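Fold and contact review
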Amino acid sequence: MTTVTTRTVAYPADNLTMIGHLALPAGAGRRPAVLVGPEGTGLSDVERGRAEALAELGYVALAFDLHGGRYLADPDEMLARCLPLLADPDRMRGIGHAALDVLRAEPRADLDRTAAVGYGTGGAIALELGRDGVDLPAIATVNALTTGRPGEAARIRCPVWAGVGSEDPIMPPAQREAFTAEMQAAGVDWRLVVYGGALHAFHHPTVDHTVRPGVGYHPRHARRAWRDVVALLAECLPVRDRPDHPICS
């Protein structure tokens, strides 16, 4: 196990003061970097832990904030905040760019090698960065099969990996088809993995507050989805001085 250093970072976005979680790997040199976007409820220990797991693999990782340091446990409050956000690509891009600027300002981050990983609303923001033409080596999303404004997916210049549960009522088959049609028409190098029997947010451990219907944890598929994300990063954004880093063939 390597030594990971973490710190909170405050930065402005969406008329709020966001509080992100930055994780740095051992050493002093520059490393490839990864944005980690949270579910609609907001930044939690789950995403902080994933940033730290990526730092263990040698990445500089920033788990970014959505709600100005708040975690929205109440489903109605979360929807009231997220539905207008998801309907506004420019707002999503603003949140994503603000986080990306923080990550790229970190001296240990390789400015030319920064990927985006996101869950739910955070995944939609990752996709909007791609649709905005940001030069990313990879985008990975879970529960975020959103479609963008017509034609803008052609600006995505990297592989896109997407994961979804087969029983996710929030991302039903029609939405999967619309997403894949958009990616295919734009000539994107895309992959979609459907995890059998899984609900929405299947990657997120069970919480102690009320959740929307159709949300549920699936431990086995959660582990598989994480391995798939790590494999995409290993393929597209390898840590060059880590010979033990798993490389996807």
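Our structure's up above, just so we're on the same page.
Report follows, based on the coordinates.

**Points about the packing of helix α3 (residues 89–105) against helix α4 (residues 121–131)**
- For the pair α3 and α4, the least separation of the axes is 8 Å and the interaxial angle reads 95 degrees. Between α3 and α4, the interaxial angle falls into the category roughly perpendicular. Contacts from P89, M92, R93, I95, G96 and H97 of α3 reach α4 at A124, I125, E128, L129 and R131.
- Across the contact of α3 with α4, the residue classes tally to six nonpolar, two polar and three charged.

**Things to note about the pairing of strand β1 (residues 5–13)**
- Where β1 meets strand β2 (residues 16–24), nine bridges bridge the pair, whose relative direction is antiparallel. What sits directly across from T6, in β2, is A23.
- Between β1 and β2, which pair antiparallel and follow one another directly, the connecting turn spans two residues, one of which, D14, has a positive phi of 55 degrees.

**A look at the sheet that holds β1**
- In space, the eight strands of this open sheet follow the order β1-β2-β4-β3-β5-β6-β7-β8, with mixed pairing throughout. Where the open sheet ends on each side, the last strands, each with one partner, are β1 and β8 (190–195). Between one strand axis and the next, the sheet turns through 20 degrees on average, direction left out of account.
- In this structure, β2 lies alongside strand β4 (residues 60–63), joined through three bridges in antiparallel fashion. Within β4, the residue paired with H21 across the bridge is A63.
- In the packing of helix α6 (residues 219–236) onto the sheet, contacts are made with β3 (31–37), β5 (109–119), β6 (139–142), β7 (160–165) and β8, and the angle to β8 comes to roughly 165 degrees.

**Observations regarding α3**
- Taking 1.5 Å as the rise per residue, α3 with 17 residues should run 24 Å; its terminal C-alpha atoms sit 24 Å apart, in good agreement.
- Within the span of α3, buried status applies to P89, M92, R93, I95, G96, A98, A99, L100 and L103.

**Some words on unusual backbone geometry**
- Positive phi values are uncommon outside glycine, yet N143 reaches one of about 60 degrees.
- Its identity as a non-glycine residue notwithstanding, A201 has a phi of 55 degrees, on the positive side.
- Summarising the element assignment, A201 is placed in the loop between β8 and α6.

**A few points about the pattern of salt bridges**
- Within the structure shown, the criterion is met by 15 salt bridges.
- Residues R155 and D132 are paired through a salt bridge, measuring 4.0 Å at the closest nitrogen-oxygen approach. Of the two residues, R155 sits in the loop between β6 and β7 while D132 sits in the loop between α4 and β6, which places them 23 residues apart along the sequence.
- When its relative accessible area of 29% is taken as the criterion, D132 is described as partly exposed.
- Here R149 makes a salt bridge to E152, at a shortest N to O gap of 3.3 Å.
- When its relative accessible area of 30% is taken as the criterion, R149 is described as partly exposed.
- Each of D90, R93, E128, R131, D132, R149, E152, R155 and E182 takes part in a single network of salt bridges with overlapping partners.

Cut-offs applied
- Residues numbered from 1 in each chain as written.
- Predicted model: local features only at pLDDT ≥ 70, side-chain atom pairs only at ≥ 80, totals over all residues.
- Heavy atoms only, no water.
- Axes fitted to C-alpha atoms, helices over the stretch in contact; angles between N-to-C directions.
- Helix = DSSP H or I, 4+ residues; strand = E, 2+ residues; numbered from the N terminus.
- Parallel < 35°, antiparallel > 145°, perpendicular 65-115°, else oblique.
- Contact = heavy atoms within 4.5 Å.
- Nonpolar A, V, L, I, M, F, W, Y, C, P; charged D, E, K, R; others polar.
- Pairing = 2+ DSSP bridges.
- Expected span 1.5 Å × (residues − 1).
- Buried < 20%, exposed > 50% of the residue type's maximum accessible area, 1.4 Å probe, protein only.
- Salt bridge = Lys/Arg side-chain N within 4 Å of Asp/Glu carboxyl O.

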